[in-house]
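Topology and contacts: notes
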Amino acid sequence: MKPMAARAAAMPPFEIRDIMELAWQTPGCIHLEVGQPNFSTPEYINQAGIEAIQGGFTGYTSARGIPELQEAICHKLLQRNGIKATANNITVCPGAVTALDSTVMALVEQGDEVLIPDPAWHNPKAIIGFLGATPVPYTLKPETGFLPDMQELKKLVSTRTKAIVINTPANPTGGVFPRELLEGIYTLARKHDLYVLSDEIYEEFVFDGNHFSIKSIDDDERVISIFGLSKSHAMTGWRLGYAIAPAPISEVVTKLQEALVSCASSISQKAAVAALCGPYDEVEKMCQAYKRRRDIALDVLRGYGLYEYTPGGAFYLMVNVSRLGNDSSQIAKQLLRETKVATAPGTAFGSSMKQHVRISLAAKEDDIQTGLERICRTITSRA
Ligand code: PMP
């Protein structure tokens, strides 16, 4: 048999899968490993999807998305993000992941370097490697609330650097990049002629103040922002995201969509119109719930003297487990065995996180409290 494509075969598996499978085989396990909202999609959105099906709106759409949704996206971008966009800037995709991957495919090729956060959600690194380019990690440290150090970023830029990937609010840290930091990143990108690939999927979950999009200061058209409804409207299974890019890039992203998936689901697109035009009360309630859960988690950590930083958004928290060793993958398994609490190993998000596990706040308050207490008791028992 001839070999498979080397780069595809070499793509690393996502480390969380292992722990998820072990967790599902552990009766009575508390699940703090899953990065999926534990809310239902709001009813008015479900209804729009049902009406789309009943009205026979079940065919292919244009690769860019239906005009009604493009209009809703433009309106939302202007109202909530301060971004001026037209249909030529939008590609609607099945989930933010497709928007992100297609954008990376549109910009990055063999030999390029791309600055990526460490820790980060695994996907950009995997796809950059798949394309034969080099992901160059910049470190996010708990001491700074997991925000990047501009001096380090400056040092990492080389003549081969094509783009910088940012994610705020961030998975897995919950870090929120302040506006001044984003302005600094934009200035750096402009100086070295870099693209900025900004993953803003958690935009609605900022606990103090509002999300600031780097796209809103993109005077010379080098930012591509990725948004989606999976998290904001608890719609992971609907698979709906969108990329906002300068028109020539958007055209290529759209061509890639055509080649890869033809278009996003017509039904989900109708539901997305309802989501983006609808009231944001339920989104706001979800944000408040995540904030409450974060505070519960921080209280537990403080109670055990294990507080390290305060996540400003998203629904994750990194917990320092260095007293248990130096291999977060083993530690996550140990915690599952000994405490029946599933967490995501830090190394699933980057090599800097060998001594952290991620807990997800997309769980019930009681589970967060009990689960984290069990983890903290185990950690402090080894002090
Ligand atoms: N970006 C980040 C940072 C994520 O955590 C996720 C999902 N976990 C995505 C993008 C993709 O979201 P989706 O494809 O469901 O829209």
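Because the structure is a prediction, the values reported are computed rather than measured. (Residues numbered from 1 in each chain as written. Predicted model: local features only at pLDDT ≥ 70, side-chain atom pairs only at ≥ 80, totals over all residues. Heavy atoms only, no water.)

Inside soluble globular proteins, nonpolar side chains tend to come together where they are buried. With 123 residues, the main nonpolar core has Leu-69, Ile-73, Ile-166, Ile-185, Ile-214, Val-319 and Leu-372 as its most contacted residues. In terms of residues, this core owes the most to one element, helix α11 (residues 281–303), which gives nine residues. Counting contributing residues, this core receives three or more from each of domain 1 (6–41 + 281–381) and domain 2 (43–277). Those residues in contact with Leu-69 that sit more than four places away from it in its chain are Val-92, Leu-240, Gln-269, Ala-272, Val-273 and Leu-276. (Core = buried A, V, L, I, M, F, W, Y, C linked by side-chain atoms within 4.5 Å. Buried < 20%, exposed > 50% of the residue type's maximum accessible area, 1.4 Å probe, protein only. Helix = DSSP H or I, 4+ residues; strand = E, 2+ residues; numbered from the N terminus. Domains from an automatic or database assignment. Contact = heavy atoms within 4.5 Å.)

All residues adjacent to the ligand are Gly-95, Ala-96, Val-97, Trp-121, Asn-167, Asn-171, Asp-199, Ile-201, Tyr-202, Ser-230, Lys-231 and Arg-239. Contact distances for the ligand include 2.8 Å between an oxygen atom and a side-chain N or O atom of Asn-171. In the model, a nitrogen atom of the ligand is placed 2.5 Å from a nitrogen or oxygen of the Asp-199 side chain. Taking 400 Å² as the accessible area of the ligand by itself, protein coverage stands at 92%. The cavity where the ligand resides is the largest pocket. Looking at the shell around the ligand residue by residue, the classes come out as five nonpolar, four polar and three charged. (Near = heavy atom within 4 Å. Polar contact = N/O pair within 3.5 Å; in protein donor to acceptor, adjacent residues only side chain to side chain. Areas by Shrake-Rupley, 256 points an atom, 1.4 Å probe, with all protein chains shown as cover. 1 Å grid on protein atoms, 1.4 Å probe; cavity = no way out; pocket = protein on both sides within 12 Å on 5 of 7 lines; lining within 4 Å. Sits in = over half its atoms within 2 Å of the grid points. Nonpolar A, V, L, I, M, F, W, Y, C, P; charged D, E, K, R; others polar.)

Attention shifts here to the layout of surface pockets. In this approach the atoms are scanned with a rolling probe the size of a water molecule, which exposes any empty space left behind. Each pocket or cavity is described by its volume, and for the largest pocket that value is around 650 Å³. Looking at the largest pocket, it is lined by 28 residues, and the ones nearest its centre are Phe-14, Gly-35, Trp-121, His-122 and Lys-231. Sorting the residues of the lining of the largest pocket by element identifies α2 (16–24) and α5 (96–107) as the ones contributing at least two each. A per-element tally of the lining of the largest pocket places α5 first, with four residues. Within the lining of the largest pocket, the residues separate by chemical class into twelve nonpolar, nine polar and seven charged. For the lining of the largest pocket, the two domains that each supply at least three residues are domain 1 (6–41 + 281–381) and domain 2 (43–277). (Points joined across faces, edges and corners; volume = space filled by probe spheres on them.)

Bringing the packing of helix α12 (residues 328–339) against helix α13 (residues 365–381) into the picture now. Contact geometry for α12 and α13: axes closest at 10 Å, N-to-C directions at 110°. Relative to α13, the element α12 lies roughly perpendicular. In this structure, α12 contributes Leu-335, Glu-338 and Thr-339 to the contact, and α13 contributes Arg-374, Ile-375 and Thr-378. Considering only residue class, the contact of α12 with α13 consists of two nonpolar, two polar and two charged. (Axes fitted to C-alpha atoms, helices over the stretch in contact; angles between N-to-C directions. Parallel < 35°, antiparallel > 145°, perpendicular 65-115°, else oblique.)

Before going further, it helps to examine the pattern of salt bridges. Counted by the stated rule, this structure contains 14 salt bridges. A salt bridge links Lys-76 to Glu-203, with the shortest nitrogen-to-oxygen separation between them at 2.8 Å. Highlighted residues: Lys-76 in helix α4 (residues 67–81) and Glu-203 in the loop between β6 (195–199) and β7 (223–228), separated in sequence by 127 residues. Residue classification places Lys-76 among the buried residues on the basis of a relative accessible area of 2%. Taken together, the shared-partner salt bridges connect Arg-190, Asp-193, Asp-220 and Arg-222 into one network. (Salt bridge = Lys/Arg side-chain N within 4 Å of Asp/Glu carboxyl O.)

Here the focus is the side chain of Thr-173. Mapped onto the fold, Thr-173 is located in the loop between β5 (161–167) and α8 (179–191). Of note is the side chain of Thr-173, whose polar atom sits 2.9 Å from the backbone nitrogen of Gly-175. If we skip the residues at most four places from it in the chain, Thr-173 touches Pro-119, Phe-146, Tyr-309, Pro-311, Tyr-316 and Met-318.

Before going further, it helps to spend a moment on the side chain of Ser-102. Summarising the element assignment, Ser-102 is placed in helix α5. A distance of 2.6 Å separates a polar atom in the side chain of Ser-102 from the backbone oxygen of Thr-98.

Once that is clear, we can look at the packing of aromatic side chains. Here a ring pair, both rings aromatic, is described through the centre-centre distance and the interplanar angle of the planes. Under the definition given, this model contains ten aromatic pairs. Ring geometry for Phe-315 against Tyr-316: centres 4.8 Å apart, planes inclined by 45°, an arrangement best described as tilted. The class for Phe-315 is buried, based on a relative accessible area of 0%. Given a relative accessible area of 1%, Tyr-316 falls into the buried group. By way of ring pairs, the aromatic residues Phe-39, Tyr-202, Phe-205, Tyr-290, Phe-315 and Tyr-316 are connected into one cluster. Its guanidinium or amino end placed over the ring of Phe-227, Lys-76 lies 4.0 Å from that ring's centre, counting from NZ or CZ. One cation-aromatic arrangement involves Arg-80 over Tyr-280; the distance from NZ or CZ to the ring centre is 3.6 Å. (Phe/Tyr/Trp six-rings, centres within 6.5 Å; stacked < 30°, edge-to-face > 60°. Lys NZ or Arg CZ within 6 Å of the ring centre and 35° of its normal.)

This paragraph deals with the domain arrangement of the protein chain. Partitioning the protein chain into domains gives domain 1 (6–41 + 281–381) and domain 2 (43–277). Relative placement of domain 1 and domain 2: their C-alpha centres are 24 Å apart. Of the residues lining the interface, 35 residues belong to domain 1; the matching set on domain 2 comes to 41 residues. Note on domain 1 versus domain 2: buried area summed over both sides is about 3,100 Å², and carbon and sulfur give 64% of it. Three residues stand out in domain 1 for area buried against domain 2, namely Arg-7, Thr-41 and Val-283, and they jointly supply 22% of the buried area on that side. Linking domain 1 to domain 2 there are one salt bridge. A salt bridge links Lys-291 to Asp-208; its shortest N-O distance comes to 3.4 Å. The interface formed by domain 1 and domain 2 holds 20 residue pairs in polar contact (both at pLDDT 80 or more) in total. A total of seven residues in the side of domain 1 that touches domain 2 trace back to one element, the largest contributor, which is α11. When the residues that make up the side of domain 1 that touches domain 2 are grouped by side-chain class, the tally is 19 nonpolar, ten polar and six charged. (Buried area = accessible area lost by both parts, 1.4 Å probe.)

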